[in-house]
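A structural walkthrough
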Amino acid sequence: MTAATHTDAPDDADDPDGADAPNVAGGADVAVVGGGPAGLSAALQLARYGRRVLVLDTGQGRSTHHQTNRNYLGFPDGVATTELRDLGRRQLAHYPHVRFAAHRATGVVGDARRGFTVQAQGHVWWARAVVLATGVLDHFPHFPDWQDYVGRSMFWCIACDGYESRGRRILVVGHTDAAAGEAMQLHSLTRQVRLLTNSRRDDISTRFRRRLAAAGVPIVHDRIETAEGTGGRLSAIVTRGGERLPLDALFSIQGATPETALARGLGVRLNAHGYVEVDTEQHTSVPGVYAAGDITAPHSHQVSAAVQEGAQAASAANYFLYPPELRAD
């Protein structure tokens, strides 16, 4: 075999595809954990390097919402993130050495010398390298049928959906300076902005209160009781105190939690915000482990950034797998 398609396990390990390891579902050069834009991009680049790839995809995450992405180059009318996922899967179908497993990875153990074992709901796979593209868990406001509104009239990103909200009635939800800052930024697109804390706490600083007051952005310190709307389009939020807040779009700035359980299990270094620390080539602190997409930074959560990071992680992982004679260093 050429170096680009070498998939053997280490000499002192069981053959992941052989009879000596009946509890192992199979082996791959690289296991990609996550089937969003970052994970699919990594899988595509690795496939084109001739690598055998396993993609673990639960079919959940931001790219499974009703979001339409309008700032990804090449789609003049925008593209639904679910459609982008489907297009990626169709593209990868041309590469028979890419496999998908609809399982949630529950643990990854190992090292760069012996390889990595990926555990997922009773299944075990072996891989020589790992790309983590597990994304984040958004903390959206919860009210009846809230999921129907995500990506249609409930958003989390001004870069993604601010432009379409120009001149509209916007409710920013959050109780921190981050929410206040988002409200100020959205105020540059429309004068009809209000902020609802949706929390027992109100941690907005005096400095931001002054900015909001000067801009004419009121703060409502209350929590959501229910919502009014049809077909995924919000028309009003009703608070527990009985106040009705008409709106066209809700921007949730209640934070997100990076999905780092696998990274922490591997001993990967996290930054001060709890995201996976990577260098410019998406290397983590653990050799043979790479990370891409929203899991790597608290900001710039864009499809374009995820696709680029996935491709970079794939190139770095491919280079890592080369034998010495194919390396430039």
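The rules behind each value
Residues numbered from 1 in each chain as written. Predicted model: local features only at pLDDT ≥ 70, side-chain atom pairs only at ≥ 80, totals over all residues. Heavy atoms only, no water. Pairing = 2+ DSSP bridges. Helix = DSSP H or I, 4+ residues; strand = E, 2+ residues; numbered from the N terminus. Axes fitted to C-alpha atoms, helices over the stretch in contact; angles between N-to-C directions. Buried < 20%, exposed > 50% of the residue type's maximum accessible area, 1.4 Å probe, protein only. UniProt positions renumbered as here; feature names shortened; annotations may be inferred. Core = buried A, V, L, I, M, F, W, Y, C linked by side-chain atoms within 4.5 Å. Contact = heavy atoms within 4.5 Å. Salt bridge = Lys/Arg side-chain N within 4 Å of Asp/Glu carboxyl O.

On the basis of which strands lie adjacent, the open sheet formed by three strands has the order E14-E15-E16 and antiparallel pairing. Each end of this open sheet is capped by a strand with a single partner; those strands are strand E14 (224-230) and strand E16 (244-246). Strand-to-strand twist across the sheet, computed as the mean angle between neighbouring axes with direction ignored, equals 25 degrees. With six bridges connecting them, E14 and strand E15 (residues 233-239) associate as antiparallel partners. Bridge pairing in E15 links Glu228 to Ala236.

Residues in a regular strand point their side chains to alternate faces of the sheet. In strand E17 (residues 249-252), alternate side chains face the same way, and those of Ala249 and Phe251 on one face and Leu250 and Ser252 on the other are all buried. Here strand E10 (residues 154-155) pairs with E17 via two bridges, running parallel. Note on E17: the bridge partner recorded for Phe155 is Phe251.

Within the UniProt annotation, "domain: FAD/NAD(P)-binding" (unreviewed entry) is assigned to residues 29-310. End-to-end, the C-alpha atoms of residues 29-310 are 16 Å apart, and along that stretch the chain is 22% helix and 28% strand.

A general tendency of soluble globular proteins is for nonpolar side chains to be buried together. Counting 25 residues, the largest nonpolar core has Val30, Val32, Leu46, Val53, Val98, Val131 and Tyr290 as its most contacted members. Of all the elements in the fold, those that place two or more residues in this core are strand E1 (26-33), helix H1 (37-48), strand E2 (53-56), strand E8 (123-132) and helix H7 (303-321). Residues in contact with Val53, not counting those within four places in the same chain, are Ala28, Val30, Val32, Ala43, Leu46, Ala47, His97, Val98 and Arg99. With 24 residues, the next largest nonpolar core counts Leu56, Phe116, Val130 and Leu262 among its residues.

The subject of this paragraph is the pattern of salt bridges. Evaluation of the coordinates by the stated rule reveals ten salt bridges. The partner of Asp138 in a salt bridge is Arg62, with the nearest N and O atoms 2.6 Å apart. In this pair, Asp138 sits in strand E9 (residues 136-138) while Arg62 sits in the loop between E2 and strand E3 (68-69), placing the two residues 76 residues apart along the sequence. For the pair shown, Asp138 and Arg62 are each scored as buried.

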